[in-house]
Amino acid sequence: PVRVVIHPGSGTHHSGAVTNDETWQAADNPHVIDGVLMVDAVLTIGPGATVLMGQGAGIVVGARTRAALKVVGKPDSVISFLPFTAGPTPGFWRSIELLGNATCDSNIMRHCILEFGGAGGKGLVYLENTNLALEGCSLRFSSSAGVVANEGGFTIFRTNSIRNCADFPIRIDPEYAGTLQPGSVFSGNNRDRVLINPGTVKRSATWANLCCPYELAGTVTVAGETTPVLTLAAGCSLLFADSAKLRVGVGKPGALFVDGSFGAVCLSGASGRWPGIEFWEWTDQNRTILKSCLIRNAGFNSPAAIFCYHAPVTLNSIRIESSFAAGVYCSGCGFNRFLNTTITGCAGYPVHIEAPFVGTMGVNNRLTGNSNDMIEVVGGTIARDAEWHNQGVPYLITGDVDVGSASGPTLVIAPGTRLIFADRTMLRSGRTGPGTIVAVGTREDSITFTTSRQPPTPGAWRGIELLFTTTSSTAFEFCRLLYGGGEGPGILCINSCVPRVRNCEIGWSANYCIALFNTNIEAESLRSANWLHDWGPEPYEDIYEGGP
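Residues numbered from 1 in each chain as written. Predicted model: local features only at pLDDT ≥ 70, side-chain atom pairs only at ≥ 80, totals over all residues. Heavy atoms only, no water.

Before going further, it helps to examine the environment of G380. Mapped onto the secondary structure, G380 falls in strand β43 (residues 380-382). Along the backbone, G380 and T398 are 18 residues apart, and their C-alpha atoms lie at a distance of 10.0 Å. Not counting residues within four places of it along the chain, the set of residues in contact with G380 comprises A355, P356, D400, V401 and D402. (Helix = DSSP H or I, 4+ residues; strand = E, 2+ residues; numbered from the N terminus. Contact = heavy atoms within 4.5 Å.)

Now the structure itself:
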């Protein structure tokens, strides 16, 4: 290619303002812009036209009155916006600016080339409160970004090339990031990422896989009157600044849908750390699904990589790794679904959850390799049927857990499960209403109830109390009840009910192993059906009978 320099006196010169509709044709080439051209009408530029931009020149459309820009080239007859100099450097001219009075559905730039602009930091193309159809265009050598969109987006964005810009190829608000379509090329820029400004997604949108990451410069919130759903397409990659969160359902309804089944979706820190994802009480729990995605290096200055506040969401086949805090932190909720999920490398617990919601955790999860390989369970009342699955790591019970309500719930504890109790905590049924506990292990896979204190000490936790509204369906079989009996008569206290207790090991009590009050269960039958050992010092025995 040979660059031809046109003498300054040649061609068609444009300056000042375009106040009536104009069409620039290739026959009048070159079109030279001197200074900043204000377009207050409809400016149409035909195929093959060459526009030479003087130093500091620019085009501003729709600043003062209704206007539009129609740059309509053809694949074999492109329109060029070039610097009016030999040996140009990036930033020789300013930009093409489309402002609020530029008619949204009429702005078109198709099959054109823009080079060596970007002075003033607004990119080669700048949008503000308007839209643009940008198709088949090449934007190169900007001293700032390729495109800067402020409260504006695209009616069409496809098959464009943005290269060798000193900033990001595109800067855009989160509300309009969904107007970007796949199929464009971004390469050789300072950072080949689409920069997302802080802001709110108020309408449903899909962020396409652009084959380059999105970088979030600040917190993005998904919430609005119409319950917007932000969808991250398969293969998307999101990079977050140190302070940037992704928040859903804050103050107004919203939802997040991620399905990486056909291309994993990755959310990570741009510099190696970020706070994470927050689901608040207005989250649409039925449409919020995270499936087959990776969340990495989150939890910075946050309770967890994923924080749920009264927002039970679906986590299916996701991976959370290297959190600076917990993996998932639930407050006032559990999950719609939680299965096939891996949480590893976290500085805290893999999951923090309250006792009434532990049963929402499903199966086939892998929760190892963290600083604390235990599920942290806050005490509370289980008022509905629930099953606590064996998650491969213990449950750490940090407060008293009650089972019982007017609906007569049943808590099932799966074989192999380990429940580790913090000091002075207990498991109890029949105090808040009828309740049933079914803890039936196997000879090879028993259920363990023990203390969190290390080394273990008799009486470190209070034990298990079965009170008068505990149903006769309650059963403890092939269980190990160890190191309880603190602040109570025994590790297992049976009061005015008739549970089934057999093939259990009950030992290292601070007092009795079992205490019986007002029950028809015979002490000798318990002795013969269970292994009782290492109870408190004299005058205690293995079983206490009677009393009020």
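So much for the structure itself; the text now carries on.
This part is about the sheet that holds strand β44 (residues 386-388). The sheet built from five strands is open, its strands ordered β44-β47-β50-β53-β56 with parallel pairing. Whereas interior strands pair on both sides, the edge strands pair on one side only; in this sheet they are β44 and β56 (500-502). Across the sheet, the mean angle separating the axes of adjacent strands is 15° when strand polarity is ignored. (Pairing = 2+ DSSP bridges. Axes fitted to C-alpha atoms, helices over the stretch in contact; angles between N-to-C directions.)

The next thing to look at is the pairing of strand β41 (residues 351-354). Two elements, strand β38 (residues 326-331) and β41, share two bridges in a ladder whose sense is parallel. Bridge pairing in β41 links V328 to V351. Examined bridge by bridge, β41 and strand β42 (residues 375-378) share four bridges and lie parallel to one another. Within β42, the position partnered with E354 by the bridge is V378.

All right, on to the environment of F84 then. Examined against the element boundaries, F84 turns out to sit in the loop between β10 (79-83) and β11 (96-98). A sequence separation of 30 residues divides F84 from G54, and the C-alpha atoms of the two residues are 5.2 Å apart.

Residues E522, E538, E541 and E545 make up a contiguous surface patch of negative charge. Considering the arrangement of structural elements, one finds E538 in the loop between β59 (531-533) and β60 (543-545). (Patch = residues over 30% accessible without salt bridge, like charges linked within 9 Å, V, L, I, M, F, W, Y side chains within 5 Å. Areas by Shrake-Rupley, 256 points an atom, 1.4 Å probe, with all protein chains shown as cover. Salt bridge = Lys/Arg side-chain N within 4 Å of Asp/Glu carboxyl O. Lys, Arg positive; Asp, Glu negative; His and termini not counted. Charge placed at Lys NZ, Arg CZ, Asp CG, Glu CD.)

Summed over all chains, the structure comprises zero disulfides. Unpaired in this structure, C493 has its nearest cysteine sulfur neighbour in C497, at a distance of 8.6 Å. With no disulfide partner, C504 has as its closest neighbouring cysteine sulfur the one in C479, 4.5 Å distant. Residue classification places C504 among the buried residues on the basis of a relative accessible area of 2%. (Disulfide = S-S within 2.5 Å. Buried < 20%, exposed > 50% of the residue type's maximum accessible area, 1.4 Å probe, protein only.)

Looking now at the packing of aromatic side chains. Pairs of aromatic rings are described using the distance from one ring centre to the other and the angle between the two planes. Inspection of every chain in the model, using the stated rule, returns 16 aromatic pairs. Arranged with centres 4.9 Å apart and planes meeting at 10°, the rings of F116 and F141 form a pair that is stacked. On the criterion of sequence distance, the pair formed by F116 in the loop between β13 (112-115) and β14 (125-128) and F141 in the loop between β16 (138-140) and β17 (147-150) is long-range, its members being 25 residues apart. Under the relative-accessibility criterion, F116 is labelled buried at 11%. According to the relative accessible area criterion, F141 is partly exposed, its value standing at 28%. Ring geometry for F335 against F338: centres 4.6 Å apart, planes inclined by 35°, an arrangement best described as tilted. Here F335 falls in the buried class, since its relative accessible area comes to 5%. In this structure an aromatic cluster arises from ring pairing among W280, F307, Y309 and Y329. (Phe/Tyr/Trp six-rings, centres within 6.5 Å; stacked < 30°, edge-to-face > 60°.)

Time to look at the nonpolar core. Across soluble globular proteins, nonpolar side chains show a tendency to be buried alongside one another. Formed by 140 residues in total, the largest nonpolar core has its most connected members in F81, M109, W207, L290, I295 and F449. In this structure, F81 is in contact with I45, V51, M53, I59, V71, W93, I96, M109, C112, I113, L114 and E115, ignoring residues within four places of it in sequence. By size, the runner-up hydrophobic cluster in this structure holds six residues, among which are M38, V60, L99 and Y126. (Core = buried A, V, L, I, M, F, W, Y, C linked by side-chain atoms within 4.5 Å.)

The sheet contact formed by β42 and strand β45 (residues 395-397) spans three bridges and is parallel. Bridging from a neighbouring strand, I375 pairs with Y395 of β45.

For the coordinates displayed, the defined rule picks out 26 salt bridges. Among the ionic pairs, E278 bridges to K245, the shortest N-O distance being 3.2 Å. One end of the pair, E278, is in strand β32 (residues 276-279); the other, K245, is in strand β29 (residues 245-248), with 33 residues separating them in the sequence. Linking R424 and E487 is a salt bridge whose minimum nitrogen-to-oxygen distance equals 2.7 Å. Of this pair, R424 sits in the loop between β48 (418-421) and β49 (426-429) while E487 sits in the loop between β54 (479-482) and β55 (490-495); the two residues are 63 residues apart in sequence, bridging distant segments of the chain. By the burial criterion, R424 is exposed, and E487 matches it.

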